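# Summary of structural features
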Amino acid sequence: MDSATQERRLPNSDQLILIVDDEASIREVVSKILEDEGYTTITAANGEEALRFVKEYLPGVVFLDIWMPGWDGIDTLARLKAVAPQTEVIMISGHATISNALEATKRGAFDFIEKPLDIDNILLTVSRALAKGKLSASGSQAALARHAPSREHEGLRSKKLAGKNIGQRTLKNSTILYGQGL
């Protein structure tokens, strides 16, 4: 969906997810994975566009690449959190360092995921981030318990990762390697 179309159609939503990456293939693949799971997504190619979308739509979660031209992910994170502190930001990077991860966490990032991205990790992290947002909004531990994965769910996920009981996915495997499904 192009930027003009996004602006006309999308409501503000805590279930809205913004994907920010300078690589179009990463934006498209992550967006498709999340949309296949029922989420609404928008995408941005840089920090300035991301800030505009966050101000306008207040997404519940933002996936934010660390290495981008112009504002890098750390600069963008600080600006996003200044205008929307309730939005959970998940940093992504193919060339992360411990220093990057610590700096992102210090500036308010919810989590840090390394590329190549894994479908199950993306979905679990989004679920946790949205649950945290609901917990913050409601101020209730019960909200977190309702939205956190159950032990039964974690067991099923472990079986899936072991190659058993895997349902159909958008991609052949559950790994995204530099924008390409394996």
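Residues numbered from 1 in each chain as written. Predicted model: local features only at pLDDT ≥ 70, side-chain atom pairs only at ≥ 80, totals over all residues. Heavy atoms only, no water.

## Considering unusual backbone geometry
The criterion, for reference: Put simply, DSSP H or I for four residues or longer makes a helix, DSSP E for two residues or longer makes a strand, and each gets a number counted from the N terminus.
In the segment running from Lys115 into Pro116, the intervening peptide bond is cis, with an omega of 5°. Summarising the element assignment, Pro116 is placed in the loop between strand S5 (111-114) and strand S6 (117-118). Positive phi, normally seen in glycine, also occurs at Leu58, with a value near 45°. Along the chain, Leu58 turns up in the loop between helix H3 (47-57) and strand S3 (61-65).

## Remarks on the packing of aromatic side chains
We count it as follows: Between the rings of Phe, Tyr and Trp (Trp by its six-membered ring), a pair exists once the centres lie within 6.5 Å; its type follows the angle of the planes, with under 30 degrees stacked, over 60 edge-to-face, and the other angles tilted. By definition here, charges over rings are those cases where NZ of Lys or CZ of Arg is within 6 Å of the ring centre and within 35 degrees of the ring normal.
A complete count under the given rule lists 1 aromatic pair for this structure. Here Phe53 and Tyr57 contribute two aromatic rings whose centre-to-centre distance is 6.0 Å and whose plane-to-plane angle is 45°, an arrangement assigned as tilted. In this pair, Phe53 and Tyr57 are both assigned in helix H3, 4 residues apart and thus about one turn of the helix distant. Cation over ring: Arg79 sits above Trp71, and NZ or CZ is 3.8 Å from the ring centre.

## Some thoughts on the pairing of strand S1 (residues 16-20)
The line we're drawing: Type-normalised accessible area, obtained with a 1.4 Å probe on protein chains alone, sets the label of each residue: buried when under 20%, exposed when over 50%, and partly exposed for intermediate values. Whether two strands pair depends on DSSP finding at least two bridges between them. By convention, orient the strands away from the viewer: a clockwise path from the first strand over the helix to the second makes the crossover right-handed.
Here S1 lies mainly inside the structure; 5 of its 5 residues are buried. Because side chains alternate across S1, one face comprises the buried residues Leu16, Leu18 and Val20, and the other comprises Ile17 and Ile19, equally buried. Pairing of S1 with strand S2 (residues 40-44), which is carried by 5 bridges, proceeds in the parallel orientation. Across the sheet, residue Val20 finds its bridge partner in S2, namely Ala44. Each parallel crossover has a hand, and the one from S1 via helix H2 (residues 24-36) to S2 is right-handed.

## Remarks on the sheet that holds S3
Cut-off, in case you're wondering: Axis geometry follows a simple rule: fit a line to the C-alpha atoms, using only the stretch in contact for helices, then measure angles between N-to-C directions, giving values from 0 to 180 degrees.
Ordered in space as S2-S1-S3-S4-S5, the 5 strands form an open sheet in which the pairing is parallel. Whereas interior strands pair on both sides, the edge strands pair on one side only; in this sheet they are S2 and S5. On average, adjacent strands in this sheet sit at an angle of 20° to one another, irrespective of strand direction. Inspection of the sheet shows S1 paired to S3 by 4 bridges, in the parallel sense.

## Considerations on the packing of H3 against helix H4 (residues 73-83)
Geometrically, a packed helix pair is captured by the angle between its two axes and the distance between the axes. What counts here: In this scheme, roughly parallel covers angles under 35 degrees and roughly antiparallel covers those over 145, while 65 to 115 is roughly perpendicular and the rest are oblique. Should the near helix be turned anticlockwise from the far one by less than a right angle, the crossing is left-handed, and should it be turned clockwise, the crossing is right-handed. In this analysis, two residues are considered to be in contact whenever any of their non-hydrogen atoms come within 4.5 Å of each other. Throughout this entry, Asp, Glu, Lys and Arg are counted as charged residues, while Ala, Val, Leu, Ile, Met, Phe, Trp, Tyr, Cys and Pro are counted as nonpolar. The remaining residues, Gly among them, count as polar.
At a closest axis distance of 10 Å, the pairing of H3 and H4 adopts a crossing angle of 15°. Comparing their axes, H4 and H3 come out roughly parallel. The two elements H3 and H4 meet at a crossing, and its hand is right-handed. Side by side, H3 and H4 meet where Gly47, Ala50, Leu51, Val54 and Lys55 of the first sit next to Thr76, Arg79, Leu80 and Val83 of the second. Looking at the contact of H3 with H4 residue by residue, the classes come out as 5 nonpolar, 2 polar and 2 charged.

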